[in-house]
Amino acid sequence: MINYNGKRFRVKQNSDNGELSSDTIFEYAQQNNMVFCLYKGETVQKGQLLGIVNSDGSINMAYQQINQKGELLTGTCVSKPEVMKNGKIRLYESWKWTSGDYTEGSSILEEI
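For clarity, every value in this text was computed on a predicted model and none was experimentally measured.

Once that is clear, we can look at the overall build of the protein chain. Assigned secondary structure in the protein chain consists of zero helices and eight strands. The helix and strand sequence of the protein chain, counted from the amino end, reads β-β-β-β-β-β-β-β. By the compact-globule yardstick of 13 Å for 112 residues, the protein chain fits well, its C-alpha radius of gyration being 13 Å. Overall, the protein chain is about 35 × 25 × 20 Å in size when its C-alpha atoms are taken along their principal axes. Taking all 112 residues of the protein chain together, the buried fraction comes to 43%. Contacts in the protein chain between residues far apart in sequence, at least 24 positions, make up 35% of those at least 6 positions apart. Accessible surface computed for the protein chain: about 6,300 Å², of which carbon and sulfur atoms make up 48%.

Under the counting rule described, the total for this entry stands at four salt bridges. Where E111 meets K7, a salt bridge forms, and the shortest distance between an N and an O atom there is 3.5 Å. Remark: K7 occurs in the segment before β1 (8-14) and E111 occurs in strand β8 (residues 104-111); sequence separation between them is 104 residues. By relative accessible area, which is 14% here, E111 ends up buried.

For the structure shown, the criterion picks out six aromatic pairs. Residues Y4 and F9 carry aromatic rings whose centres are separated by 6.4 Å and whose planes lie at 45° to one another, so their mutual orientation is tilted. Geometrically, the ring pair formed by F9 and Y28 is edge-to-face, given 5.2 Å between the ring centres and 75° between the ring planes. Highlighted residues: F9 in strand β1 and Y28 in strand β2 (residues 25-31), separated in sequence by 19 residues. The class for F9 is buried, based on a relative accessible area of 0%. Residue Y28 is classed as buried on the basis of its relative accessible area of 4%. Taken together through their ring pairs, the aromatic side chains of Y4, F9 and Y28 make up a single cluster.

Rules used in this analysis
Residues numbered from 1 in each chain as written. Predicted model: local features only at pLDDT ≥ 70, side-chain atom pairs only at ≥ 80, totals over all residues. Heavy atoms only, no water. Helix = DSSP H or I, 4+ residues; strand = E, 2+ residues; numbered from the N terminus. Rg over C-alpha atoms; globule rule 2.2 N^0.38 Å. Buried < 20%, exposed > 50% of the residue type's maximum accessible area, 1.4 Å probe, protein only. Contact = heavy atoms within 4.5 Å. Areas by Shrake-Rupley, 256 points an atom, 1.4 Å probe, with all protein chains shown as cover. Salt bridge = Lys/Arg side-chain N within 4 Å of Asp/Glu carboxyl O. Phe/Tyr/Trp six-rings, centres within 6.5 Å; stacked < 30°, edge-to-face > 60°.

Right under this line is the structure:
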């Protein structure tokens, strides 16, 4: 199992209906198979997620965030990891808004 404790990620790619920008930074903490993360950037004032890390390193999570317009948005996400040649982790995320427009999208995050 991958341990995400202390790892930081930056957005590399995001669907048009997402609110993350390339300056959004995610800071992860992990205890056993539970993961918690705080994130923020130009388009998100504050965000947090809570999830479960599966034995293959994937994460099932729920998230909530307040965007720059002051709107509270929520969603769910599944992140699948790839360990790159340099040893850093790339996360392929499939997400769905559970508020707002209820659309789905995808993101790619890379460890920094």
